[in-house]
Amino acid sequence: MRLNLNAMGLSEALVEVCELVDEKMAALLPVVDNSLESKLFEAMRYSVLSQGKRLRPFLSFVAASMFGVSRDSALRTAAAIEFIHTYSLIHDDLPALDNDDLRRGQPSCHAKFGEATAILAGDALLSLAFEILADPLTHPDPQVRCELITRLACASGASGMVGGQMMDLEAQNHNLSIPEITRMQRMKTGELFACACESGAILGKTSRNLRMALKGYAHAIGLAFQITDDLLDVEGTANDVGKKTNKDKDLNKATYISNLGIDAAKEQAKMLVNQALNYLEVFDEPANLLRQVAIYIINRKR
């Protein structure tokens, strides 16, 4: 049965799509068995199938649906992107980085399985993501598959998420300007958001101008998402947010809040959402769910 996403509100669509993505991820992940590597498989499944927001795979699936992409192609791509995101969370939580023992309201991967297994689980999810995108089951056109792989590699590597994480670590010892913070957050968070949205356009073989509009939208909501995350770190509780709070202040991290203050940071997030909505004007009604996501991002409590 084909989902009629345009007939759904955001809450209903999130539930429907996330159930499909979770089902696809469960099928793609290795099954826990009696082999010597079964602890690795258990750690992978534990981290991926916990109760995350699934925003990145949701964006990927919705964008793909806007261009008539088949459900299975959209879900396989969305799963690959979530595997990359989860690998980054596993590694970010390690003592060498953010040293978090709580993730998504439960013990982080290294707290439950040990540091060595957590590192390997992240490595395995990274590899699995590209294995999925390289499979003809994801798309019959090898050019499309190569473009998906290239885009995700760029978004998650030194020029994207990993590079942004390195900047975040270095920021503890430097006073960053607002442009530097923006660049850091665009790489650390925005690039994977952009890849998620662009992946739907890549699967649909759509025009460059529509792809660039989605990229602009995604970068704007990515920054708004990070600002909201920083605000939740200051104003939220561990019980509400699902992870330890006040980390940025404890680690002396440079954020919009540390530079601008809470009120100005909130205004910045609102401005970014308005920018995101402007990018979507070219799509009319098919982008209604993406518009709702942009508004949801700055109003979320977790």
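Since this is a predicted model, take the numbers as computed values, not measurements.

A. Structural detail: the packing of aromatic side chains. Per the stated rule, a full pass over the model turns up three aromatic pairs. Taking 5.3 Å as the distance between ring centres and 75° as the angle between the ring planes, the aromatic pair formed by Y46 and F113 counts as edge-to-face. A residue pair is termed long-range when its members are at least 10 positions apart, and Y46 in helix α2 (residues 38–48) and F113 in helix α5 (residues 109–113) qualify at 67 residues. Assigned by exposure class, Y46 and F113 land together as buried. Seen from their ring centres, F67 and F283 are 6.4 Å apart, and the 70° between their planes marks the pair as edge-to-face.

B. Inspection of the pattern of salt bridges at higher detail. Enumeration over the complete set of coordinates arrives at 14 salt bridges. Between D135 and R76 there is a salt bridge, and its shortest N-O distance comes to 3.6 Å. Taken together, the residues span a long stretch of sequence, with D135 in the loop between α6 (115–134) and α7 (142–156) and R76 in helix α4 (residues 71–92) at a distance of 59 residues. You can call R76 buried: its relative accessible area is 7%.

C. Expanded view of helix α9 (residues 178–203). Between its first and last C-alpha atoms α9 spans 35 Å; for 26 residues at 1.5 Å apiece the expected length is 38 Å, and the two agree. At G190, α9 is bent by approximately 50°, the largest bend along its length. Of all 26 residues making up α9, 21 are buried, and the element is well covered by its neighbours. At the C-terminal side of α9, K205 shows a positive phi close to 55°.

The rules behind each value
Here the residue index of a chain counts from 1 through its sequence in written order. For a predicted model such as this one, the threshold for reporting local features is a pLDDT of at least 70, and the threshold for listing and counting side-chain atom pairs is 80 or more; totals across whole chains, interfaces and linings nevertheless cover every residue. Think of the side-chain values as coming from all heavy atoms in the structure, minus any hydrogens and water. Pairs were defined over the aromatic rings of Phe, Tyr and Trp, the Trp ring being its six-membered one, requiring ring centres within 6.5 Å. Orientation was assigned from the angle between planes: stacked under 30 degrees, edge-to-face over 60, tilted for the rest. The helix count covers DSSP runs of H or I at least four residues long, the strand count covers runs of E at least two residues long, and both are numbered beginning at the N terminus. Think of it in three bands: with a 1.4 Å probe and only protein chains considered, a residue is buried below 20% of the maximum accessible area for its type, exposed above 50%, and partly exposed in between. What counts as a salt bridge is simple: a side-chain nitrogen of Lys or Arg found within 4 Å of a carboxyl oxygen of Asp or Glu. Helix span, as expected, comes to 1.5 Å for every residue beyond the first. The bend reported for a residue corresponds to the angle between axes fitted to the seven residues ending at that residue and the seven starting there.

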